[in-house]
Amino acid sequence: MTFQTIEVRPLAGALGAEVGNIDLSAPLSNQMRDEIHQAFLDNLVIVFRDQKLTPEKQVEIAGLFGKPAIYPFLQGLDGAPEVHELLKTAEDEVNFGGNWHSDTAYRECPDMGTLLYAHEVPDVGGDTLFTNMYLAYDALSDGMKEMLKGLTAIYSSEKGYDGKRAEKMKSLDGLKDAVQAEIETFESEHPVVRTHPETGQKALYVSKSHTLRFKDMTVEESTPLIDYLSTFAVLPEFTCRVDWQPQTLVIWDNRCTKHLAVDDYAGQRRRMHRVTVEGVQPL
Ligand code: SIN
């Protein structure tokens, strides 16, 4: 598509684009909104530099994509409950989101998109990697596609936490004050290959972080294929890498991407504000 109001520069062959010539804190015309939405569908991950955004403004921008969601495990900011602060302090030894995943895949209606805004970033490191799950699906053999057709999996928020999600989240200095007192476990069934509700394209929807097992199969039976698909989906040719500066906003589509926050900045702080957008049941 040709854009009239914004500039769109691809970041990599697989996915991702920087969007320029726009001030998101100013009123946006209908054409600008449509073009941002189109850039999001075309590129899956869109990056805006040098944006001055208050938490309220970030929620308003999220509203361009749908209804801002509430993340169940962390309290939001006072006065802006949809905004969650993701802080890694210099003392924290692990980060939030350091494994490949698609946000809240364990919910019946997982979040369709995420807006992450950088306040403080390390001098070097702390990038986010993204992978294109349309490309990952397309690159599978016909035999594998046939096998995955109609396959359903169980997605769990407890995978990898051994029932200790609250304890593990509270062990992070930067998050401990925001961890919700009551931590629920979410489990849902979704197709392993989902069809994007807006583009109609098929995307692989599997991750080691949240896909527990295939329906009517044991964890032991399911794990080898979940691990294979998860590793295949993040081959370098399906990915892009976003480096952060303060005042960078990144918006990604959870319906056809996965992401990973690179944990390579020990001893430095990184402080981000995250808002997610409610999605629909994957089909
Ligand atoms: C997330 O997993 O949502 C956070 C990603 C990041 O901090 O880069």
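Criteria and cut-off values
Residues numbered from 1 in each chain as written. Predicted model: local features only at pLDDT ≥ 70, side-chain atom pairs only at ≥ 80, totals over all residues. Heavy atoms only, no water. Helix = DSSP H or I, 4+ residues; strand = E, 2+ residues; numbered from the N terminus. Expected span 1.5 Å × (residues − 1). Buried < 20%, exposed > 50% of the residue type's maximum accessible area, 1.4 Å probe, protein only. Contact = heavy atoms within 4.5 Å. 1 Å grid on protein atoms, 1.4 Å probe; cavity = no way out; pocket = protein on both sides within 12 Å on 5 of 7 lines; lining within 4 Å. Points joined across faces, edges and corners; volume = space filled by probe spheres on them. Nonpolar A, V, L, I, M, F, W, Y, C, P; charged D, E, K, R; others polar. Pairing = 2+ DSSP bridges. Axes fitted to C-alpha atoms, helices over the stretch in contact; angles between N-to-C directions.

J.: Help me get a handle on helix α1 (residues 30–43), residues and values and all.
T.: Taking 1.5 Å of rise per residue, the 14 residues of α1 would be expected to cover 20 Å, and the 20 Å separating its terminal C-alpha atoms lies within 8% of that figure. Among the residues making up α1, those that are buried are E35, I36, A39, F40, L41 and N43. Those residues of α1 that are buried are in contact with β1 (7–10), β2 (17–20), β3 (45–48) and β13 (249–253). At the C-terminal side of α1, L44 shows a positive phi close to 75°.

J.: Summarise the layout of surface pockets; cite the residues concerned and give the values.
T.: There is about 730 Å³ of room inside the largest pocket. Forming the walls of the largest pocket are 31 residues, and the residues nearest its centre are G97, G98, N99, Y161 and S209. Counting residues per element, the ones that place at least two in the lining of the largest pocket are α5 (165–170) and α6 (219–232). Considering every element that reaches the lining of the largest pocket, the biggest residue donor is α5, with 3 residues. Residues that form the lining of the largest pocket fall into these classes: 10 nonpolar, 14 polar and 7 charged. Reported here for the second largest pocket is a volume of approximately 160 Å³. Around the second largest pocket sit 13 residues that line it, and L148, K149, G150, V193 and K202 are the ones nearest its centre. In terms of residues, the lining of the second largest pocket owes the most to one element, helix α4 (residues 142–148), which gives 4 residues. Partitioning the lining of the second largest pocket into residue classes produces 6 nonpolar, 2 polar and 5 charged.

J.: Run through the sheet that holds β3, naming residues and quoting values.
T.: Across the sheet, 7 strands lie side by side as β1-β2-β3-β13-β5-β15-β4; this open sheet has mixed pairing. Because the sheet does not close on itself, it has two edges, and the strands there are β1 and β4 (84–88). Strand-to-strand twist of the sheet, defined as the mean angle between neighbouring strand axes without regard to direction, takes the value 25°. Bridging between β4 and strand β15 (residues 270–277) involves 5 bridges; their strand directions are antiparallel. Counterpart to H84 in the pairing with β15 is R274. Along the sheet, α1 contacts β1, β2, β3 and β13; its crossing angle with β3, the most-contacted strand, is approximately 130°.

J.: Summarise unusual backbone geometry; cite the residues concerned and give the values.
T.: We note that D50 has phi near 55°; this positive angle belongs to a residue other than glycine. Topologically, D50 is positioned in the loop between β3 and α2 (55–62). Residue class for D50 comes out exposed when judged on its relative accessible area of 63%. In the Ramachandran plot, Q247 falls in the positive-phi region, its phi being about 75° despite a non-glycine side chain. On the basis of relative accessible area, Q247 is assigned to the partly exposed category, the value being 28%.

J.: Please give an account of the pairing of strand β12 (residues 239–242) that cites residues and values.
T.: Residues C240 and V242 of β12 are buried on one face, while the alternating residues T239 and R241, pointing to the opposite face, are not. By the bridge criterion, 4 bridges tie strand β6 (residues 128–132) to β12 in an arrangement that is antiparallel. The partner of T128 across the bridge, within β12, is V242.

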